[in-house]
Structure formats: C-alpha cells, structure tokens
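Survey of secondary and tertiary structure
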Amino acid sequence: MPSPLRVALVGGGQIANSTHMPTFREMSSDIEVVAVVDATVEAAESFADRWAVPYASDDLATTLRDVRPDLVDIASPPALHRDQVIASLRAGAWAWCEKPPCLSLAEYDEITAAERDGGPYAAIIYQQRFGSAARHARALISGGALGRPYVAHCQTTWFRDPAYYAVPWRGRWDTEGGGPAMGLGIHQIDLMLELLGDWSEVRGMAARLARDVQTDDVTTALVRFDSGALATVVSTSLAPRQVSHLRVDLAAATLELTHLYGYANENWTITPAPGVTGLDWPPPDDVPSSHLAQLRGLITDLRAGRRPRGSGQDGRRALELITAMYKSALTGRPVRAGEIGPGDPFHRNLHGDHPEVFQ
C-alpha cells in the first residue's frame, strides 16, 4: 500500500466539513484526500476549493477510474450508500461508510457479498465503540471482571425540530430507512451490543407523535441477550433535554455513560456493588470516542489486509436489531435473532411493506 493512502470523499455536506475532513487532516502523514464527489460539479468544486482537494466530480464511477483511491469515505445520504459502497469495492477500494449503513438488511448483504477475502472491505462508522472507556468496559465485561450482566438501559433522547426534517431525504422510508433508532440511536445501540454481545429476542413499539414524517419519531424496545440480560432501548427526536445514556448493571458494579454526541473517560462512572473493591477503573489512557479513533484502526487493518471492526457480521448487528424492533412494532409479536432473512418483507425494508401503521 502507498503512503499516504489515497482517499476519495463522497458527499461534501455538513458531516464531511465538520468531522471527516478535520479527521483526515489529523492523519495527514497517513492519508491524502485526492478527490471529492458530490451531487453536482459545482458543489464538488466548492468543497474542493475549501479544502484544497485536487479532483472534483459529480460522478463516482469516473472518479474511481481516474483517481484509483485506496479508500472511499462515504458521507452521502443513506439511500446512496449501497450502490456507492459496492462500486468502490468493485473498483478495488476499501469503503468507510457513515451510518445508517444502508436502508435494509438485503442491501447490507449485497455489500458484504461484494467484499473479497483480504479486502477490500466496507466498514461502517460506529465511532462510539472506539473510545478508550468503551474498549476498557468491553474487556472487563467480556473477561468476567464485573460479573454477570443483568439489565441495561440504552437511551438516545435527542431533539430535532421540523426544519431538520425539511431536508427531502429525512423521515422517509425510501431514503432514510427508518426513524430515530435508525438515524440517531444506532450509535448507542451499536455500543450496547459492543458491551453486551449477541441478542436473542426483541419486543418493539414505535409511534409517530409530533413530526411531519413518514416514519416514526419514537422507537422503543425490550431486548433479551444471549447472556440472559435484559435491556430497554429508547430513541426519539422529540426530547427537549437531549442526552445519550447507556447503563449496564452487573453483579459487581453498575457502569454508566452519560454524554450527547461523544464522550471521554470523565463521562463514565462505575459504582461497585456492596462489598466489592479493587475494580480496574478508570482506563489507563483517555481516548475520546471519535471518527479519528476508528479511522486509525481501519488504516492499520487496511494495510494488513484484514477485516476491520464494524464490517461484515460485526457491522450488521445493530442494523439487524433495529430491523427486528420495527418488525416487532409493526407485527405486534416478539422477533428472534436471525429470523429476518431473504423472503421476509422486513429483509427488504424496515417497514415490511406496512408503512402506514404509524399514522
């Protein structure tokens, strides 16, 4: 692999300007952004001028042929992700894709089918799991240091006003895929799965209460994990006091994370059970959750030709759980892990061809 790696960015919107490009600048010795692709040539050229990117286009296929990037960073609206990721993989480039990864499990399975052993692979941006505190908590839980997990609460209560949903692709099944669990809560849901592992059953409820959208604006669920632990999940865009909160009660301690869009070690607390001492907390290092923390690992994996975290089945888990939440909410029955496969209407889309239920 060359050094620095050649990166093409797809989608020059808010997240690309506020987060992706500053992240790439912090890794300038490892990464060179050589191209930007946007909806129009004018938008691409404006972005290129702002960030001194040498190539601008409105056509990804042409860009892949002309520039031959090593990595394609996809920050476009969700409905475009599947085709753009697959085109990148088929051109021999790895992909790093913003959440939600795509609109359905069927689309995700098409993406993984386009990967090849040794790469290229497609990784989903799940930056919440890459802070040092999350890594340390995962090691403590998986290693048994905190005892058996009993109960968890995963909360993404954010506020998005009607102007937020005025963007044409938001709040629509065919362009955003789902409601707040898909577009907002997926970060905390992925982190919950990172800490607690595989789930076995979900019972969901959802409603459209306030926003003029096609999807829901409140998604809730009860989740049973393979370990036996139970969890509640709440995602909404209607909460005036915004918070992201994850709590896990285990035999030896309660772990809590309270933040909004990102955390450091100080955002976590640990409360030992009565009589418990000597818990290994806080972590020895303090790395905030960020795109940068994930990207560093991705680049290492890319150079080694190994599957990165947040790809393949590991990257699919949060999307499968969210899909199961909607299937349960819309059918009124519990959904088991693994039951949504080809032939199931919820494999094709999150509403299972019944979008009007939330009216």
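Residues numbered from 1 in each chain as written. Predicted model: local features only at pLDDT ≥ 70, side-chain atom pairs only at ≥ 80, totals over all residues. Heavy atoms only, no water.

**Considerations on the overall build of the protein**
Our working rule: By definition, any uninterrupted DSSP run of H or I lasting at least four residues is a helix, any uninterrupted run of E lasting at least two residues is a strand, and each is numbered from the N terminus. Radius of gyration means the value over C-alpha atoms here, while the globule rule gives 2.2 Å times the residue count to the 0.38 power. Only protein chains enter the accessibility calculation, which uses a 1.4 Å probe. A residue is then buried if its area is under 20% of the maximum for its type, exposed if over 50%, and partly exposed in between. Throughout, a contact is declared for two residues whenever any of their heavy atoms are within 4.5 Å. Areas reported here follow the Shrake-Rupley algorithm with a probe of radius 1.4 Å; residue values treat only the protein chains shown as occluding. Charge counting follows a simple rule: Lys and Arg are positive, Asp and Glu are negative, and His as well as the terminal groups are ignored. To locate a charge, take NZ of a lysine, CZ of an arginine, CG of an aspartate or CD of a glutamate.
The secondary structure content of the protein amounts to eleven helices and 14 strands. Its C-alpha radius of gyration of 20 Å places the protein within 12% of the 21 Å reference for a compact globule of 359 residues. Out of the 359 residues belonging to the protein, those deemed buried represent 57%. In the protein, the share of contacts with a sequence separation of at least 24, taken over all contacts with a separation of at least 6, comes to 70%. A total accessible area of about 14500 Å² is found for the protein, and carbon and sulfur atoms account for 51% of it. Taken together, the 33 basic and 43 acidic charged side chains of the protein have centroids lying 4 Å from each other.

**Looking at the packing of helix α1 (residues 14–26) against helix α9 (residues 291–304)**
When two helices pack together, you describe them by how their axes are tilted relative to each other and by the distance separating the axes. The condition that has to hold: Geometry is summarised by axes, namely lines fitted to C-alpha atoms with helices restricted to the contacting stretch, and by angles between N-to-C directions that run from 0 to 180 degrees. Each angle receives one of four descriptions, namely roughly parallel if under 35 degrees, roughly antiparallel if over 145, roughly perpendicular if within 65 to 115, and oblique otherwise. Whether a crossing is left-handed or right-handed is set by the direction in which the near helix is turned from the far one by less than a right angle, anticlockwise for left-handed and clockwise for right-handed. Amino acids are sorted into nonpolar (Ala, Val, Leu, Ile, Met, Phe, Trp, Tyr, Cys and Pro), charged (Asp, Glu, Lys and Arg) and polar (every other residue, Gly among them).
The contact between α1 and α9 brings their axes to 10 Å, and the two run at 55 degrees. By the angle class used here, α1 and α9 are oblique. The interaxial crossing formed by α1 with α9 has right-handed handedness. Facing Thr19, His20, Thr23, Phe24 and Glu26 of α1, the residues of α9 in contact are His291, Leu292 and Leu295. Among the residues making up the contact of α1 with α9, the classes are represented as three nonpolar, four polar and one charged.

**Comments concerning the nonpolar core**
As a reminder, the rule being used: Note on terminology: a nonpolar core comprises buried Ala, Val, Leu, Ile, Met, Phe, Trp, Tyr and Cys residues joined through side-chain atoms within 4.5 Å.
Within the largest apolar cluster, 68 residues are counted, with the highest numbers of intra-cluster contacts made by Ile189, Met192, Val202, Val223, Phe225, Trp268 and Leu321. Residue contributions to this core peak at eight residues, all from helix α10 (residues 312–331). If near-sequence neighbours (up to four positions away) are discounted, Trp268 is found in contact with Ala133, Ala134, Ala137, Leu195, Leu255, Glu256, Leu257, Tyr263 and Trp281. Counting 27 residues, the second largest nonpolar core, distinct from the first, contains Leu5, Val33, Val53 and Ala75.

**Here we look at the sheet that holds strand β8 (residues 199–207)**
Spelled out, the test is: Being paired, for any two strands, means DSSP has found at least two bridges between them.
Here we have eight strands laid out as an open sheet, ordered β13-β12-β11-β7-β10-β9-β8-β14, and mixed in their pairing. Edge positions in the sheet fall to β13 (268–272) and β14 (335–336), since each has one partner strand and no second. Here strand β9 (residues 218–225) pairs with strand β10 (residues 230–236) via seven bridges, running antiparallel. By the bridge assignment, Thr219 is partnered in β10 with Ser235. Against the sheet, helix α8 (residues 186–196) engages β7 (149–159), β8, β9, β10, β11 (238–250), β12 (253–259) and β13, with an angle of about 5 degrees to β11. Lying over the sheet, α10 contacts β8, β9, β10 and β14, oriented at roughly 55 degrees with respect to β8.

**With respect to the side chain of Gln84**
Keep this limit in mind: As used in this structure description, the phrase polar contact means that two N or O atoms lie within 3.5 Å; if the pair is within protein, one of them must be able to donate a hydrogen and the other to accept it, and residues adjacent in sequence are counted only when both atoms belong to side chains.
The topology assignment puts Gln84 in helix α4 (residues 81–90). For Gln84, a relative accessible area of 14% translates into the label buried. In this structure the side chain of Gln84 is engaged in a polar contact, spanning 2.5 Å, whose partner is the side chain of Ser76. Contact partners of Gln84, with chain neighbours within four places excluded, come to Val10, Leu60, Ile74 and Ser76.

**Remarks on the sheet that holds strand β3 (residues 56–57)**
Across the sheet, which stays open at both edges, the six strands sit in the order β3-β2-β1-β4-β5-β6 with parallel pairing between neighbours. Of all the strands in the sheet, the pair left with one neighbour each is β3 and β6 (122–124). Contacts between α1 and the sheet are confined to β1 (5–10), β2 (31–37), β4 (71–74) and β5 (94–97), with β1 contributing the most and set at about 175 degrees to the helix. Across the sheet, α4 lies against β1, β4, β5 and β6, angled at about 175 degrees from β4, the strand it touches most.

**Let's talk about unusual backbone geometry**
A cis amide bond links Lys99 to the next residue, Pro100, at an omega of -15 degrees. Mapped onto the elements, Pro100 comes out in the loop between β5 and α5 (105–113). With an omega of 5 degrees, the peptide bond between Trp281 and Pro282 qualifies as cis. Residue position: Pro282 is located in the loop between β13 and α9. Backbone geometry places Arg68, a non-glycine residue, at a positive phi of 50 degrees. Its location among the elements puts Arg68 in the loop between α3 (60–67) and β4.

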